[in-house]
Every structure is written in structure tokens, then in C-alpha cells.
Amino acid sequence: LLSRKADIVISSMPLESSSFRAMEVINEKIGIVVNVHNPLAKCGSISLQILQQQKFHGLAPSSNFRMLCDLILNGLGLSVDYVTEDVVSNYNLCIISSNDNCCFFSTEKVFHSTFEPLAKYCFLPIDSVEMNRSTKLYYLKDHLPPVDLAVLANAVKECYEKRE
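Note on numbering: residues in each chain are counted from 1, in written sequence order. In keeping with the model being predicted, local features are shown solely for residues with a pLDDT of at least 70 and side-chain atom pairs are shown and tallied solely at 80 or more, while totals for entire chains, interfaces and linings include all residues. The basis for every side-chain value is the complete set of heavy atoms in the structure, and neither hydrogens nor water enter the calculation.

Quick look at unusual backbone geometry
Positioned with a positive phi, Arg4 is a non-glycine residue whose angle comes to about 65°. The helix and strand labels rest on DSSP assignments: H or I over at least four residues marks a helix, E over at least two residues marks a strand, and numbering proceeds from the N terminus. Looking at the secondary structure, you find Arg4 in the segment before β1 (9–11). Backbone geometry places Ala119, a non-glycine residue, at a positive phi of 55°. Within the secondary structure, Ala119 is located in the loop between α4 (108–115) and β6 (121–125). For every residue, the accessible area (1.4 Å probe, protein chains only) is compared with the maximum for its type, and the residue is labelled buried under 20%, exposed over 50%, or partly exposed between those bounds. Taking relative accessible area as the criterion, Ala119 reaches 67% and is therefore assigned exposed.

Structure below.
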């Protein structure tokens with residue numbers, strides 16, 4: 001954007017610049033996924049204090065979703081213990097084969113498409129307003145993009161809702 005090679009950027013990672021304006025398109029709560037036999041599965045949600053005491057299977061630190069979760073947690077002064085950190089293909093194998101009490105971070109949509117079909121996991125929302133993934137359209141304050149932003153935002157949202 002700053003080099004003016006693009007008029008709009010769509011990102012779920014926060015982009016910090018006083019030159020940008022942002023329009024939120026999608027806002028998803030981030031929760032944790034636990035094995036149905038994990039004692040936490042009986043809870044309706046999980047507090048940040050309990051969250052910090054859990055062990056996690058994580059995506060590689062370079063993954064956008066992992067970076068977002070770590071950024072939010074760091075901003076809250078928290079960290080979690082990752083017992084595994086894998087690229088997506090190995091992470092997905094871990095989801096399929098895992099029978100331990102380790103947790104996974106996920107949005108509810110990803111839970112329904114990835115974890116729920118395995119019938120051995122449940123999703124727990126995290127009791128924190130900050131634990132969410134906000135996908136936004138970013139553009140320069142001094143340069144209105146040559147498209148109707150509301151139409152583009154609706155198209156992005158529709159595509160996301162159709163995606164499994």
C-alpha cells in the first residue's frame with residue numbers, strides 16, 4: 001500500500017500505519033479445541049488464566065494464524081506452552097492422530113470444518129474480548145480505492161462464508 005503498488009490489502013494480521021484506514025469485513029472469535037475426554041471439555045468456555053496453564057499443538061511460528069494468536073497473547077502479557085510446532089500438513093496429521101490432552105487454537109468455522117468431523121473434539125470459546133481474528137480491508141487515507149468498498153467487503157464476506 002505504502003509503495004502504491006496496490007489499492008487495497010485484505011488481511012487478518014493487523015497492519016499498523018497512520019497512513020491506513022481499515023474496514024472490518026469478518027470478525028471471528030478464537031477459541032481452543034480440546035479432546036472430548038479432556039476435563040476442560042465439560043466447561044462452557046475457558047479463562048485466560050486456565051488457557052495459560054494448558055499445553056498446545058501449534059502451527060509453525062511463521063504461520064499467520066499462529067503469529068496472530070501469539071501477538072494477541074503477548075499483548076495480554078500471556079504465553080502458552082507449545083509442545084509441537086508444525087507446518088500445516090504435519091499439523092493436520094497431528095489433529096487426526098492426537099489423543100492427548102493438548103489443545104489447539106482455532107476459530108469456530110475452522111473447528112466445524114476440520115475438527116468436528118473427527119467426532120473427538122469440542123470447541124471452547126476463550127473468555128476474552130481480545131481473542132478474535134478480525135479480517136479487514138486496508139487502504140490509504142489519502143487515496144480512495146477505485147472500487148465500492150462496501151460491495152467488495154460483502155463479496156469477501158460471502159466468499160468466506162461459502163468456504164469450508
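Quick word on the pattern of salt bridges
By convention in these notes, a salt bridge is any Lys or Arg side-chain nitrogen within 4 Å of a carboxyl oxygen on Asp or Glu. All told, the structure shown has 5 salt bridges when counted by the stated rule. We note a salt bridge from Asp142 to Arg4, for which the minimum N-O separation is 2.9 Å. Of this pair, Asp142 sits in the loop between β7 (132–140) and α5 (149–162) while Arg4 sits in the segment before β1, and the two are 138 residues apart along the sequence. Take Asp142: its relative accessible area is 60%, and that puts it in the exposed class. Two residues, Arg133 and Glu28, come together in a salt bridge whose shortest N-O distance is 2.9 Å. Within this pair, whereas Arg133 is found in strand β7, its partner Glu28 is found in strand β2 (residues 20–35), the two being separated by 105 residues in sequence. Judged by its relative accessible area of 8%, Glu28 is buried.

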